[in-house]
Amino acid sequence: MNNLVLQANNGILQITINRESKLNALNRETLTELHEVLASAFQDEGVGGIIITGAGSKAFIAGADISEFAAYSVEEGRDLARKGQDHVFNFIENANKPVIAAINGFALGGGLELAMACHIRIASLTSKMGLPEVSLGLIPGYGGTQRLVQLVGKGRAFEMIMTAEMISAEEAYRTGLVNRLTEPDELIFQAQELLKKIMTRSPFAVSSAIRAINAGLRDGENGYEVEINEFAKCFDSADFKEGVNAFLNKRKALFTGK
Ligand code: COA
């Protein structure tokens, strides 16, 4: 991997975007590597959860790499957005295990879109977020116009996207864009602690919950119906038998994810 640093520890895979001199901007190669790493992590039973962060203290990700698409045509622009959404952003959202964004600095454009595709966002108190695309003559193309509305509501999304202005970590927390704030030097620890807690729960059920929550936000899908079916499938899992048995016997459940 030329652009990512991977660290695996106690079932947690930390993926660090490592292009610090370019504020971790997402170029094509980084997106390809991200897809490969995520695809193998989703298959790997030894990985219980994933943290995505950026190298250095200045930026999480300062957006898509502007230098790469400066001369793009309409078709190339469409291809960039479609492939990016399919291979990375939607791929993360539909992961079968929890993915947390640990926002350690600027999360702009595609960087904020990547954070929004993660299931949970924890941000350092010094981070800043925004979707500045209209200041480049573009709009967000990696799902930002959709996911920002889901997280902060239509009015705030219009304001953030139309003004292109950054907001502080505190404002991101107040508006629901991020789940938690931490001191910068606590960020990874807090993300790990949160993942560790989630990983004590049934991985089978957590994966079902991800599918049910996402279904309600997808056009043409009935989230309630998906919930009914995912709920039903849980009854056939070893995790459900273990969870109920542990509860009845007043002991801690030890889940296998099966
Ligand atoms: N794409 C490509 N390169 C980027 C980048 C991006 N999205 N964001 C930052 N960089 C590069 C800069 O070109 C610079 O490279 P250089 O040293 O080779 O010239 C390096 O990262 C450092 O950035 P710089 O702008 O010098 O840092 P700064 O502290 O003055 O400003 C930002 C920080 C985040 C405010 C500024 O870099 C910025 O506005 N970036 C673009 C954000 C954006 O529009 N993202 C949406 C893209 S669709």
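Here, the structure is the one placed above.
Residues numbered from 1 in each chain as written. Predicted model: local features only at pLDDT ≥ 70, side-chain atom pairs only at ≥ 80, totals over all residues. Heavy atoms only, no water.

S.K.: Would you mind going over the pairing of strand E5 (residues 99-103) in detail, with residue names and values included?
M.R.: With five of five residues buried, E5 is to be regarded as a mostly interior element. Residue alternation in E5 divides its side chains into two sets, Val99, Ala101 and Ile103 and Ile100 and Ala102, and both sets are buried. Where strand E3 (residues 49-54) lies against E5, three bridges are found, and the strand directions are parallel. The partner of Ile50 across the bridge, within E5, is Val99. (Buried < 20%, exposed > 50% of the residue type's maximum accessible area, 1.4 Å probe, protein only. Helix = DSSP H or I, 4+ residues; strand = E, 2+ residues; numbered from the N terminus. Pairing = 2+ DSSP bridges.)

S.K.: Go over unusual backbone geometry, please, and point to the residues and values.
M.R.: Although it is not a glycine, Asn10 sits at a positive phi angle of roughly 50 degrees. In this fold, Asn10 is placed in the loop between strand E1 (4-9) and strand E2 (12-17).

S.K.: Could you give an account of the pattern of salt bridges, naming the residues involved and the relevant values?
M.R.: If you walk through the whole model with that rule in mind, you get twelve salt bridges. Notably, a salt bridge pairs Glu193 with Lys196, separated by 3.2 Å at the nearest N-O pair. Remark: Lys196 and Glu193 occur in helix H8 (residues 187-199); sequence separation between them is three residues, near one turn of the helix. Under the relative-accessibility criterion, Glu193 is labelled partly exposed at 33%. The shortest N-O distance in the salt bridge between Arg251 and Glu242 comes to 2.8 Å. (Salt bridge = Lys/Arg side-chain N within 4 Å of Asp/Glu carboxyl O.)

S.K.: Help me get a handle on the packing of aromatic side chains, residues and values and all.
M.R.: In total, this model carries four aromatic pairs according to the counting rule given. Here Phe42 and Phe91 contribute two aromatic rings whose centre-to-centre distance is 5.0 Å and whose plane-to-plane angle is 45 degrees, an arrangement assigned as tilted. In this pair, Phe42 sits in helix H1 (residues 28-43) while Phe91 sits in helix H3 (residues 74-93), placing the two residues 49 residues apart along the sequence. Here Phe42 falls in the buried class, since its relative accessible area comes to 10%. Arranged with centres 5.1 Å apart and planes meeting at 75 degrees, the rings of Phe231 and Phe235 form a pair that is edge-to-face. Looking at Phe235, the relative accessible area reads 42%, which means it is partly exposed. Through a chain of ring-to-ring contacts, the aromatic side chains of Phe231, Phe235 and Phe240 assemble into a single cluster. (Phe/Tyr/Trp six-rings, centres within 6.5 Å; stacked < 30°, edge-to-face > 60°.)

S.K.: Describe the environment of Ala71, with residues and values.
M.R.: Counting through the fold element by element, Ala71 comes out in the loop between helix H2 (66-69) and H3. Its relative accessible area of 73% is what places Ala71 among the exposed residues. As a C-alpha pair, Ala71 and Met1 span 70 residues in sequence and 27 Å in three-dimensional space.

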